[in-house]
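Letter by letter, the chains look like this.
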Amino acid sequence: MAYAFAGASATQEHQQAAHHCASPDQANVQASAQHVTLIRSAEVQARTGLSRSSMYARMNPGDPAYDRSFPLPVNVSSTGKVSNRWIASEVDAWIVSRPRTRQQ
């Protein structure tokens, strides 16, 4: 399985980390993927239009803004530091799943 982010390749450890953070359905999709693009929080913010705090509020079950469908990050650090990335296709799927508010 290949990962792409910031021009570097990730290791099998990152694949395992993705499975720990993902739901069973997401894990099946990730396991069958040939290429997964990982993006930084700034890119998630740009794609979703959310601020950093709004993004993390959607991931926090104790927050009133919690959204269980919001994609969870994958820790890509092998040194124990927190270095999160999001799977681009999951972010894009979340965006598409949002209700449309535009009048046609």
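The preceding data block contains the structure.
Predicted model only: the values in this text are computed from it and were never measured.

Visitor: Would you take a moment to explain the packing of aromatic side chains for this structure?
Guide: Both the distance between ring centres and the angle between the ring planes are used here to describe each pair of aromatic rings. Applying the stated criterion to the full structure yields two aromatic pairs. Aromatic side chains Tyr56 and Trp86 sit 6.2 Å apart centroid to centroid with 75° between the ring planes, which places their arrangement in the edge-to-face category. With Tyr56 in helix α4 (residues 52-59) and Trp86 in strand β4 (residues 84-87), the pair connects residues that are 30 residues apart, well separated along the chain. We classify Trp86 as buried; its relative accessible area is 0%. Measuring from ring centre to ring centre gives 4.9 Å for Phe70 and Trp94, while their planes differ by 80°; the resulting arrangement is edge-to-face. Here Phe70 is found in the loop between α4 and β3 (74-75), whereas its partner Trp94 is found in helix α5 (residues 88-97), with 24 residues between them in sequence. This pair shows no difference in class: Phe70 is buried, exactly as Trp94 is.

Conventions used here
Residues numbered from 1 in each chain as written. Predicted model: local features only at pLDDT ≥ 70, side-chain atom pairs only at ≥ 80, totals over all residues. Heavy atoms only, no water. Phe/Tyr/Trp six-rings, centres within 6.5 Å; stacked < 30°, edge-to-face > 60°. Helix = DSSP H or I, 4+ residues; strand = E, 2+ residues; numbered from the N terminus. Buried < 20%, exposed > 50% of the residue type's maximum accessible area, 1.4 Å probe, protein only.

All we've got here are geometric facts, nothing functional implied.
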